Amino acid sequence: MTLLDVAYGRRAADTIITGGTLVNVLTGEVYPAEVAVAGDRIAAVGTGLLRGPHTRIIDAQGGYLVPGLIDGHLHIECSKLSVTSFADLVVPFGTTSVVSGLDQVLVVEGLPGVRRFLDESKRTGMRIWWGAPAKAPYTVPQSNVGFTFGPDEHREAHTWPECVGVWETVQEMVEHGDPAVMEALELAERHRLPVFGCAPLSDARRIGGLAAAGIRLDHESYSHEEMLEKLRQGIYAIVRESSVAHFLEENIQVVAKVGARRVAFCTDDVHAADVLAGGHMDKLVRMAVKAGLDPVTAIQMATVNCAEMYRIDHLVGSIAPGRLADVLIVDSLEDFRVREVVAGGTLVARDGAMLTPTTPPARGAVAPFPVRTLTADDFALRSPVAQVAEVAEVNVLALDFTDQVFVRRRRDVRLPVVDGVVEPSVEKDALLVTVVERYGKSGNMPVAVVSGMGIREGAIATSAAPDDNNIICVGASRADMAVAVNEVVRMGGGQVVVVDGEVRESLPLPIAGIVSDLPAAEMAEREQRLDDLARELGCDLPAPLMYLFFLSITAIPDYAVTDLGLIDCVNLEVVEVIQ
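Since the structure is predicted, the reported quantities are computational estimates derived from the model, not experimental observations. (Residues numbered from 1 in each chain as written. Predicted model: local features only at pLDDT ≥ 70, side-chain atom pairs only at ≥ 80, totals over all residues. Heavy atoms only, no water.)

Digging into the side chain of His219
Thinking step 1. Tracing the chain through its elements places His219 in the loop between strand S11 (215-218) and helix H8 (224-232).
Thinking step 2. In this structure the side chain of His219 is engaged in a polar contact, spanning 3.5 Å, whose partner is the backbone oxygen of Gly197.
Thinking step 3. Once residues lying within four places of it in the same chain are set aside, the contact partners of His219 are His73, Glu168, Gly197, Cys198, Ile238, Arg240, Cys266 and Asp268. (Helix = DSSP H or I, 4+ residues; strand = E, 2+ residues; numbered from the N terminus. Polar contact = N/O pair within 3.5 Å; in protein donor to acceptor, adjacent residues only side chain to side chain. Contact = heavy atoms within 4.5 Å.)

This is how it looks when you write it as structure tokens:
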């Protein structure tokens, strides 16, 4: 009743935000108004609101009052920051809500791990709206993980109050009628939950099929033509601008053509360094304004549009009675910089920093992965071809990075065979890649060949590796690959760079082997050292370690590598490396 008493003016507000100009994203109007808060909810918006001797006053000092920003699709774990550290990074930039599948901790620790992350978020200024993954892992064929997620888990997950729908429904799983995904979609319909797609590089036929299957929204348009087709066929579109996938300038063209009503923003994957340097969702608002959008329209895309497409607009996305009291104070709508952040009715951040950094929960002891100590021989790519000379050659199918973000095409390259083992070739840009199964399920560690990483010596490895978070290692030397993987195992998760048998740089990721409680600034520094060293070894990719961990994602064409081997992502099957 407290909320209603404040709403009807029968009781003084707990907090009043005064002296500001409201950006009403529901109507597109901008006008002076006060905001009254009861507990963590907005009770009233207007003028002359009732205050008492104990009412806290937040003076906006002439600033604009804007709803808390929403990231419409985010893999929190890909930042390698814990929920606590990530929240303290993005909240000062105005992000108070994110939609995430927490799919990386899910495949490591199952639903209990997701529950811990969701509970952890409640200690921060950032809300997680959880999408239950359509199926986990997303890899096709399915790789080995700690925990899988299917219809039985959906039945439980759909009852959780944080669950807002079915997340990351990969288009191949829909098109080919994966039985577990089809059942998940039926459960979602029964429980009145929306379904969220993952459909990169789609044509009109496939988009129509996704729409027919009930896919509500999608964040994976590589061109404005693709995004427009999704909108035309009834699918909401989310414009993505991540640390390495830069699509805002391309896809914002659609907004100029058809308007923004069914369009929102997301970042998908971000580095701590990029956020610290340029911002988070606030950066996307500024980019959209620079591209020619009206500032209020850009703000709507970062707030109410996103909330409406996820059906959470009764709780977030606008400054209106009954909504959670997430309010930003900014001085300019054109040069959109967040001065102060109110989350759940409490002033939590000012001038780019948390007023009080959040204390992370206690963590358990870190244990090494259940993987035996490996040697160089474990990473030998053995040729079935009979050797007729001291040195022979074979043709191998290499995954080759292209100019399109993370896309790997086929490259045929001839490599030498010595004593029955295929040797990598720095000169031919053909390095070895392995995925070591880390959960003690199969012991798999297939070896394939990758082009485009560019390193001339040594090895790099990571256990932060969507979609299954097994250990991925690329190397010019099998011996260095063994040292790199053994170090990741010893740390219980992390990233390393090894040269001549020496660990030159490492980043422990002790929480589920994928994230850390490091403050964002320290994480950015450690990531920079890893990437700089990889560049010294010859890698000229924008983010060497991030590109490394995308090698196992089978939803991105045309080839990937998982603990099952080299994957043809078009025909969804394991193929031979040696052709």
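Focus: helix H2 (residues 83-90)
Thinking step 1. In terms of burial, H2 is a largely internal element, eight of the eight residues being buried.
Thinking step 2. Taken together, the buried residues of H2 touch strand S7 (95-100), helix H3 (103-121), strand S8 (127-133), helix H10 (272-278), strand S17 (353-354) and helix H15 (520-536). (Buried < 20%, exposed > 50% of the residue type's maximum accessible area, 1.4 Å probe, protein only.)

Remarks on the packing of aromatic side chains
Thinking step 1. Counted according to the given criterion, the structure contains five aromatic pairs.
Thinking step 2. Here Trp130 and Trp160 contribute two aromatic rings whose centre-to-centre distance is 5.2 Å and whose plane-to-plane angle is 35°, an arrangement assigned as tilted. Here the residue Trp130 occupies a position in strand S8, and Trp160 occupies one in the loop between helix H4 (151-157) and strand S9 (163-170), the gap between them amounting to 30 residues.
Thinking step 3. Note on Tyr222 and Phe247: the rings are 4.8 Å apart at their centroids and 50° apart in plane angle, and the pair reads as tilted. Of this pair, Tyr222 sits in the loop between S11 and H8 while Phe247 sits in the loop between strand S12 (236-240) and helix H9 (248-258); the two residues are 25 residues apart in sequence, bridging distant segments of the chain. With respect to class, Tyr222 is no different from Phe247; both count as buried. (Phe/Tyr/Trp six-rings, centres within 6.5 Å; stacked < 30°, edge-to-face > 60°.)

Structural notes on the packing of H8 against H9
Thinking step 1. Where H8 meets H9, the axes come as close as 8 Å, and the angle between the chain directions of the two elements is 45°. In terms of orientation, H8 lies oblique with respect to H9. The chirality of how H8 crosses H9 is right-handed. Residues His224, Glu225, Met227, Leu228, Leu231 and Arg232 of H8 lie in contact with H9, whose contacting residues are Glu250, Asn251, Gln253, Val254, Lys257 and Val258.
Thinking step 2. Across the contact of H8 with H9, the residue classes break down as five nonpolar, three polar and four charged. (Axes fitted to C-alpha atoms, helices over the stretch in contact; angles between N-to-C directions. Parallel < 35°, antiparallel > 145°, perpendicular 65-115°, else oblique. Left-handed = near helix turned anticlockwise from the far one by under 90°. Nonpolar A, V, L, I, M, F, W, Y, C, P; charged D, E, K, R; others polar.)

With respect to the side chain of Asp378
Thinking step 1. Locating Asp378 in the fold gives a position in the loop between S17 and strand S18 (381-382).
Thinking step 2. Within polar-contact distance, the side chain of Asp378 engages the side chain of Arg372 at 2.8 Å.
Thinking step 3. For Asp378, the contacting residues outside a window of four places in its chain are Arg372, Met445 and Val447.

Let's talk about the sheet that holds S7
Thinking step 1. What the eight strands build is an open sheet, ordered S6-S7-S8-S9-S10-S11-S12-S13; its pairing is parallel. One side of each edge strand has no neighbouring strand; the edge strands of this open sheet are strand S6 (69-71) and strand S13 (263-266). When strand polarity is set aside, the average angle formed by the axes of neighbouring strands in this sheet is 30°.
Thinking step 2. Pairing analysis gives three bridges linking S9 to strand S10 (residues 195-198), with the strands arranged parallel. Across the sheet, the residue bridging to Val170 is Cys198, located in S10.
Thinking step 3. Sheet strands in contact with helix H6 (residues 179-190) are S9 and S10, and its direction is about 155° off that of S9.
Thinking step 4. The strands touched by helix H11 (residues 281-290) are S6, S7 and S13; relative to S13, the strand with the most contacts, the crossing angle is about 130°. (Pairing = 2+ DSSP bridges.)

Describing the nonpolar core
Thinking step 1. Core analysis: the biggest nonpolar cluster contains 201 residues, and Met126, Trp130, Phe265, Met453, Val474 and Leu551 have the highest contact counts within it.
Thinking step 2. Considering each element in turn, this core owes the most residues, eight residues, to H3.
Thinking step 3. Excluding residues within four positions of it along the chain, Val474 makes contact with Leu431, Leu432, Val433, Val450, Met453, Ile455, Gly458, Ala459, Ile460, Met481, Leu548 and Leu551.
Thinking step 4. Grouped together as the second largest cluster of nonpolar side chains are 14 residues, Leu22, Ala33, Ile319 and Val342 included. (Core = buried A, V, L, I, M, F, W, Y, C linked by side-chain atoms within 4.5 Å.)

Such coordinate-based values are descriptive only and should not be taken to indicate function.
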